[in-house]
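This is what each chain is made of:
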Amino acid sequence: MNTTSLVKYAGALVALAICSACAGGSAVAPSNAALNNRYIGRTLFVNRMPVTAARPNLSPLPRYATIVPDRRVKKHFEYIINFYGTYASIFDYPKSDKQIGTINNVGGQGCTNVLYGYGKKTFWIVAAYNQITEYTVPQTPIKTLSVPSSSMPSSCAMDTSGDLAVGILNGSGAGDIVIFKNASGSGTFMATPLAREYFDGYDNQGNLFFDGFTSGSAFQLDELPKGSSKVQTITTSNTVQFPGSVQWDGTYLTVFDQLANKMYQYTISGTKATLKGTVSFSGSNDCAQTWIAKGVVYCGDAGNDNGEVFKYPAGGSPTAVFTGNFDTPLGTVAAEK
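A quick note: this is a predicted structure, and the numbers were derived from the prediction, not measured.

Q: So what exactly am I meant to see when it comes to the sheet that holds strand 18 (residues 219-224) here?
A: On the basis of which strands lie adjacent, the open sheet formed by eight strands has the order 16-17-18-19-23-22-21-20 and mixed pairing. Looking at strand neighbours, the two that pair on one side only are strand 16 (196-202) and strand 20 (246-248), the edges of this open sheet. Along the sheet, successive strands turn relative to each other by an average axial angle of 35 degrees, direction set aside.

Q: Explain the pattern of salt bridges to me, please; I cannot follow it from the model alone.
A: Two side chains that carry opposite charge are able to pair once their charged atoms sit near each other. All chains considered together, the criterion is met by three salt bridges. A salt bridge links D97 to K98, with the shortest nitrogen-to-oxygen separation between them at 3.9 Å. The class for K98 is exposed, based on a relative accessible area of 52%.

Q: Explain the state of the cysteines here, please?
A: Disulfide: a covalent bond formed between the sulfur atoms of two cysteine residues. In total, this model carries two disulfides according to the counting rule given. Disulfide partner of C111: C156, at an S-S distance of 2.1 Å. The disulfide joining C111 to C156 has a torsion of about -120 degrees about its S-S bond and is therefore left-handed. A residue pair is termed long-range when its members are at least 10 positions apart, and C111 in strand 7 (residues 109-112) and C156 in strand 12 (residues 151-158) qualify at 45 residues. There is no split in this pair, since C111 and C156 are both buried. Once the disulfide-bonded cysteines of the protein are ranked by sequence position, their pairing pattern turns out to be 1-2, 3-4.

Q: I keep staring at the pairing of strand 21 (residues 253-257) and nothing clicks. Help me out?
A: Residues in a regular strand point their side chains to alternate faces of the sheet. Buried residues dominate strand 21, accounting for five of its five residues. Residues of strand 21 alternate between two faces, with L253, V255 and D257 on one and T254 and F256 on the opposite face, all of them buried. Of the strand pairs in this sheet, strand 20 and strand 21 are connected by three bridges, and their pairing is antiparallel. Counterpart to V246 in the pairing with strand 21 is V255.

Q: Sorry if this is basic, but what is going on with the environment of R55 here?
A: Within the secondary structure, R55 is located in the loop between strand 3 (49-51) and strand 4 (76-81). Along the chain, R55 and L44 lie eleven residues apart, while their C-alpha atoms are 9.9 Å from each other.

Q: Got a minute to help me understand the sheet that holds strand 24 (residues 287-293) in this structure?
A: Across a sheet, strands are paired by hydrogen bonds formed along the backbone, either parallel or antiparallel in direction. The strand order across the open sheet formed by four strands is 24-25-26-27, and the pairing between neighbours is antiparallel. In this open sheet, the two edge strands, each paired with only one partner strand, are strand 24 and strand 27 (315-321). In this sheet, neighbouring strand axes are inclined to one another by 30 degrees on average, regardless of whether the strands run parallel or antiparallel. Note: strand 24 against strand 25 (residues 296-301), six bridges, orientation antiparallel. Note that in strand 25 the partner of C287 across the bridge is D301.

Q: Just to check I follow, could you spell out unusual backbone geometry for this structure?
A: The general pattern is negative phi for most residues beyond glycine and trans for most peptide bonds. That bond from Y93 to P94 is cis: its omega, 10 degrees, falls within 30 degrees of zero. Along the chain, P94 turns up in the loop between strand 5 (86-91) and strand 6 (101-106). Between V137 and the following residue, P138, the backbone shows a cis peptide bond with an omega angle of 5 degrees. Among the secondary structure elements, P138 is positioned in the loop between strand 10 (131-136) and strand 11 (140-146). Unusually for a residue other than glycine, N182 sits at a positive phi of about 55 degrees. Structurally, the position occupied by N182 is in the loop between strand 14 (177-180) and strand 15 (188-190).

Q: Would you mind going over the pairing of strand 17 (residues 208-213) with me for this structure?
A: Among the six residues that make up strand 17, six are buried, leaving the element largely enclosed by the rest of the structure. Going residue by residue along strand 17, you find L208, F210 and G212 tucked away on one face and F209, D211 and F213 tucked away on the opposite face as well. As defined by bridge partners, strand 16 adjoins strand 17 across six bridges and the pair is classed as antiparallel. The residue bridging Y202 from the neighbouring strand is L208, located in strand 17. Hairpin connection of strand 16 to strand 17: five residues between the antiparallel strands, including G206 at a positive phi of 85 degrees. Direction of pairing for strand 17 relative to strand 18: antiparallel, over a ladder of six bridges. Each residue of the ladder has a partner; that of F209, found in strand 18, is E223.

Q: Explain the nonpolar core to me, please; I cannot follow it from the model alone.
A: Across soluble globular proteins, you tend to see nonpolar side chains buried next to one another. One finds Y79, I103, F123, I125, Y298, V309 and F322 to be the most contacted residues of the largest nonpolar core, which totals 28 residues. Those elements that provide at least two residues to this core are strand 4, strand 5, strand 6, strand 9 (122-126), strand 24, strand 25 and strand 28 (331-336). In terms of residues, this core owes the most to one element, strand 4, which gives four residues. With residues near it in sequence (within four places) discarded, I125 still touches I81, A88, I103, V106, G107, Q109, G110, Q131, I132, T133 and Y135.

Calculation criteria
Residues numbered from 1 in each chain as written. Predicted model: local features only at pLDDT ≥ 70, side-chain atom pairs only at ≥ 80, totals over all residues. Heavy atoms only, no water. Pairing = 2+ DSSP bridges. Helix = DSSP H or I, 4+ residues; strand = E, 2+ residues; numbered from the N terminus. Axes fitted to C-alpha atoms, helices over the stretch in contact; angles between N-to-C directions. Salt bridge = Lys/Arg side-chain N within 4 Å of Asp/Glu carboxyl O. Buried < 20%, exposed > 50% of the residue type's maximum accessible area, 1.4 Å probe, protein only. Disulfide = S-S within 2.5 Å. Core = buried A, V, L, I, M, F, W, Y, C linked by side-chain atoms within 4.5 Å. Contact = heavy atoms within 4.5 Å.

Quick look at the structure:
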């Protein structure tokens, strides 16, 4: 991203900061953000809040009335999680592409208790202040974990044994990973070579992979092998421009590139990731987080300010575009009742 583009997005973020409540009165953008807009390396900060999206659309947004949750029994639910401190928009695709509910006072990324597909009855939202909350589908909070108040979590992932990994984007321990054994307790910090951690995901062997930026603002993919306390750097056989979602898809470890609008499928051998396939997305602008489910991949599109559904692994143009309330989507996840 060049300097001109950085200035453009920083100015747009000022406009977002002065936007008032969105979707439910109490959901608001951070206040007084115009006082603190700057880049540190390639990461944009608004009122000390880093943004994990590569090229968000941050034009002023109108007020919306609260959407009353639809409590009828449904199977699949999808969540488009918006800017920090705002809300998550709830959908029930493929039944409909229209919003059916809202979770207020959240924002950031999401994960659930499966490596890929629809989570089983629960999901997590990392709210990016210092808390990570678990919800029962479709929207009932049941547990909240926290990191030190000086840390700002960015991402989360669960392994098949129920351990929860949370990445630290900024503040104390920036770039580190926190492991919550059995998704409980105070968590154990694992030091990494990253300056900022963006996205993480486990493979089917219990190895944790995560990406972000180094202190020199270069993309890097790292691995915390199962049972180890030492992180190793993974070299990719192709160039990834900007960190994106890291997720196992049942066969490959996938890494999304927000600038290229492509998802790369890798096999891992030692410290090398070999590219085996590329899934290209057209019509998306900036999938700040993606989530792979059965035959589809969901995109929280910060650039288009909406949510999109693509075929997986075919990619191409979206098969559906969610309609509802959005406020700079930074995350997405899917779960079933």
